[in-house]
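Listed below, chain by chain, are the residues.
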Amino acid sequence: MKISYLLCVLLAGLAACALVEPTANFNVQTQTALSRSDAVDCAVAAINSVAGSQPNWKTTPLEQDVVNGTVQTGHFSKAGVIGIRVKLVYDPAQRRYAGQIKASGPYYSDLGAKDAAADLSAALAQCR
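All residue numbers here refer to positions counted from 1 along the written sequence of the relevant chain. Per-residue local features of the predicted model are confined to residues with pLDDT of at least 70, and side-chain atom pairs are confined, for both listing and counting, to 80 or more; whole-chain, interface and lining totals are unaffected and use all residues. For side-chain calculations, the full set of non-hydrogen atoms in the structure is used, while hydrogens and water are omitted.

The side chains of a regular strand alternate, first on one face of the sheet and then on the other. Where strand E2 (residues 62-65) and strand E3 (residues 70-73) come together, four bridges link them in antiparallel fashion. Bridge pairing in E3 places Leu 62 opposite Thr 73. The pairing criterion for strands is at least two bridges between them, as found by DSSP. Secondary structure elements are taken from DSSP: a helix is a run of H or I of four residues or more, a strand is a run of E of two residues or more, and numbering for both begins at the N terminus.

Right, here's the structure in full:
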């Protein structure tokens, strides 16, 4: 009886881990207002630049929606994908990117969500 109880508690704990991915949210103000198309192009270039120097970034598949000013990488909406993934949304009225990084490693270890957000923020700040 105790063994089955402990097994249930252990399994429930492991299932709960699937709900917690290492994440970081960030906002980046651009110096000038960009069209959504230019913002998406610049975001893709910034992602590729940062990903080129850091091995854990997932840049494929890359989903772009120019109409809404969004960019997503690495199956962003799926849980449990290993790698650093990003979702960006650009708001031209506020001249601002709103972003979220997911940085899941094996067993949901943090691959550096906050560092990835800082690196991408610095790259996005160059968008003009």
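A separate point is the pattern of salt bridges. By convention in these notes, a salt bridge is any Lys or Arg side-chain nitrogen within 4 Å of a carboxyl oxygen on Asp or Glu. Inspection of every chain in the model, using the stated rule, returns two salt bridges. A salt bridge links Glu 21 to Arg 85; the shortest N-O distance between them is 2.6 Å. Here Arg 85 lies in strand E4 (residues 83-91) and Glu 21 lies in the loop between helix H1 (2-17) and strand E1 (23-29), a separation of 64 residues in the sequence. Neither Glu 21 nor Arg 85 differs from the other in exposure class; each is buried. In this structure, Lys 102 engages Glu 21 in a salt bridge whose closest nitrogen and oxygen atoms are separated by 3.8 Å. Exposure categories follow from relative accessible area, calculated using a 1.4 Å probe and restricted to protein chains: below 20% of the type maximum is buried, above 50% is exposed, and the middle band is partly exposed.

Turning to the state of the cysteines, a few remarks are in order. Sulfur atoms of two cysteines make up a disulfide when they are within 2.5 Å. Counted according to the given criterion, the structure contains one disulfide. The disulfide partner of Cys 42 is Cys 127, and the gap between their sulfur atoms is 1.9 Å. Taking the torsion about the S-S bond as the criterion, the Cys 42 to Cys 127 disulfide, at about -95°, is left-handed. Residue Cys 42 is found in helix H2 (residues 36-53), and its partner Cys 127 is found in the segment after helix H3 (113-124); the two are separated by 85 residues along the sequence. With a relative accessible area of 22%, Cys 42 lands in the partly exposed category.

The first and last C-alpha atoms of H3 sit 16 Å apart over twelve residues, in line with the 16 Å expected at 1.5 Å per residue. Within H3, burial applies to Ala 113, Ala 116, Ala 117, Leu 120, Ser 121, Ala 123 and Leu 124. Down the axis, H3 shows its buried residues gathered within 160° of arc, on one side only. Across H3 from its buried face, at more than 90 degrees, point the exposed residues Lys 114 and Asp 115. We call two residues in contact whenever any of their non-hydrogen atoms come within 4.5 Å of each other. The inward-facing, buried residues of H3 contact E1, H2, E4 and strand E5 (96-104). Expected helix span is taken as 1.5 Å per residue step, with the number of steps being one fewer than the number of residues. This arc describes the spread of directions from the helix axis toward the C-beta atoms.

Within a predicted model, pLDDT stands for the predictor's per-residue confidence, ranging from 0 to 100. Scored by pLDDT, the chain has a mean of 89; 85% of the residues are at 70 or more. When mean pLDDT is compared element by element in the chain, E1 scores highest at 98, while H1 scores lowest at 52.

This part takes up the sheet that holds E5. Pairing between sheet strands relies on hydrogen bonds along the backbone, with the strands arranged either parallel or antiparallel. Read across the sheet, five strands follow the order E1-E5-E4-E3-E2 without closing on themselves; strand pairing throughout is antiparallel. Looking at strand neighbours, the two that pair on one side only are E1 and E2, the edges of this open sheet. Across this sheet, the average inter-strand angle for adjacent strands is 10°, counted without regard to direction. Here E1 pairs with E5 via seven bridges, running antiparallel. To get an axis, a line is fitted to the C-alpha atoms, and for a helix only the part in contact is used. The angle between two axes follows their N-to-C directions and goes from 0 to 180 degrees.

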